[in-house]
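Reading the structure
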Amino acid sequence: MNQYSYSRELRLLTPADFQNVFNSPPVKAVSTQLTMLAKPNDRNYPRLGTTVSKKVAKKAVDRNRIKRIMRETFRLQQHKLSGFDIIVIAKPGVNDLDNQALSDLLNYLWRKLSKRCTQYSSES
RNA sequence: GGAGUUGGCCAAGACAAUCGCCGCUAGGUUGCGUUUACGUAACUUAGGGGAGGAAAGUCCGGGCUCCAUAGGGCAGAGUGCCAGGUAACGCCUGGGCGGCGUGAGCCGACGACUAGUGCAACAGAGAGCAAACCGCCGAUGGCCUUUAUUUUCGCAAGAGAAUAGAGGAUCAGGUAAGGGUGAAAGGGUGCGGUAAGAGCGCACCGCGCAACUGGUAACAGUUUGCGGCACGGUAAACUCCACUCGGAGCAAGACCAAAUAGGGAUCCAUGGGGCGGCCCGCCUCGGGUCCGGGUAGGUUGCUUGAGGCUAUGGGCGACUAUAGUCCUAGACGAAUGAUUGUCCACGACAGAACCCGGCUUAACGGCCAACUCCACAC
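First things first, this report covers the structure right here in the doc.

Of all hydrophobic cores here, the largest spans 28 residues; its most connected members are Leu34, Ile86, Trp110 and Leu113. Counting residues per element, the ones that place at least two in this core are β1 (27-30), β2 (34-40), α2 (60-77), β4 (84-90) and α3 (99-123). In terms of residue count, α3 provides more of this core than any other element does, 7 residues in total. Those residues in contact with Leu34, other than ones at most four positions away along the chain, are Ala29, Met70, Val88, Ile89, Ala90, Lys91, Val94, Leu102, Leu105, Leu106 and Leu109. Judged by nonpolar contacts, the second largest core, of 5 residues, contains Phe18, Val21, Leu37 and Ile87.

Written out as structure tokens, the structure reads:
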């Protein structure tokens, strides 16, 4: 079993999945350029959904780039996030970051989010 | 060698390692169906493939799908030199005409305002069956000055009249050659002509119409005849003429189909409740099975095509015929990526979404071929 795979189960696929997380996310991690929302999902693995609107990055090439880096960092950090559905929202300004800066920011936020998730799980 | 023109090709810079993503092919294990074969689902191993010349803008044209449709006309929209190519086009090729460039070449909505209607600011004297501001002329008819002759009145000085001539540029008038205005002022040059001028006349050039010749045609012609000769511009102004066009789009369309609610058929219970004094009857409530519609969701459409490459034949060419050969992304909250190292010319614009043919726009470069101009050398 591969530890760092990113297969179909690890994604949010339907509009219903997305709505569910958007409605009342108990855990958040926020920066100027990004917002992460998380909600428990009764599974023993995490799932990821990404949102990059045309407002944030006008060109399709840029939107793809941002999503790829989001997924890549998630892939490497997924074990700290088990049991949660997560949505990453890009906000104006992300497009100005280069790949290195964006990865650093994401990794910082993943650490923050995983800490809060653990805290949330032990509280409930 | 420098400058340039045209056509074609390449382009996430190349290679390696590690970790990943999406299809495909072949095999293995397990479960299920099953007569072994085989089929199917999950896991797994190996191999191989995985963005563009514009994938973009969505501006045209077609295929495909569903809906509509007897035939014809109107309206509306589009196209607009000619011929050809094509599935088709607003595209491409060749040709014509006009313009630009020393040239290779490039650019052009390029049908019709001698059918009709309309429009033209400002300037200007005048702008649509033209016009006289300056200037020129003032022949013709007046006016003024003056000379000569004749004549009338008067004693005379002188005054008047007629005729002829000269002058004035004064009035009427003539004049579109020149100046000036304008985007545009009603052919050009020369000679004659005239008062001055003017196609007023003539020659040449140009123009219009017709014929002839060449060309499929647009059109062309050192050709012939006729006409002194304007018919101005504008149709991305209405309009006229010729030709083309049904609508919606892969969220098209086809198939499978849970849960919940509701519909129909049938069986069970022949029961509970309501109307009623009771029976019949009517209404309502339950459980099981099946059926069709249909939502979430899934499958399909989905990549082999007006396809690429090579050869030969036809054609100036766009293109086309025949033969051989190749299979080259198919996702769907949406794959084609990340990190590290080495090297170099230090890497532009930019990401498939049913599929093709074009156009347009974006952009760092590299390579090849043909041709042009300039300079130099042999």
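In the structure shown here, the tally under the stated rule is 3 salt bridges. The partner of Arg47 in a salt bridge is Asp85, and the shortest N-O contact between them spans 2.9 Å. Residue Arg47 is located in strand β3 (residues 47-51), and its partner Asp85 is located in strand β4; the two are separated by 38 residues in the primary sequence. Classification of Arg47 by relative accessible area gives buried; the value is 10%.

Take the sheet that holds β1 next. In space, the 4 strands of this open sheet follow the order β1-β2-β4-β3, with mixed pairing throughout. One side of each edge strand has no neighbouring strand; the edge strands of this open sheet are β1 and β3. Strand after strand, the sheet turns through a mean of 15° between neighbouring axes, direction not considered. Sheet topology note: the β1/β2 ladder contains 4 bridges and is antiparallel. Bridging across to β2, Val27 finds its partner in Ala38. Running at roughly 160° to β3, α2 makes contact with β2, β3 and β4 of the sheet.

Conventions we followed
Residues numbered from 1 in each chain as written. Chains lettered and ligands numbered in written order. Predicted model: local features only at pLDDT ≥ 70, side-chain atom pairs only at ≥ 80, totals over all residues. Heavy atoms only, no water. Core = buried A, V, L, I, M, F, W, Y, C linked by side-chain atoms within 4.5 Å. Buried < 20%, exposed > 50% of the residue type's maximum accessible area, 1.4 Å probe, protein only. Helix = DSSP H or I, 4+ residues; strand = E, 2+ residues; numbered from the N terminus. Contact = heavy atoms within 4.5 Å. Salt bridge = Lys/Arg side-chain N within 4 Å of Asp/Glu carboxyl O. Pairing = 2+ DSSP bridges. Axes fitted to C-alpha atoms, helices over the stretch in contact; angles between N-to-C directions.

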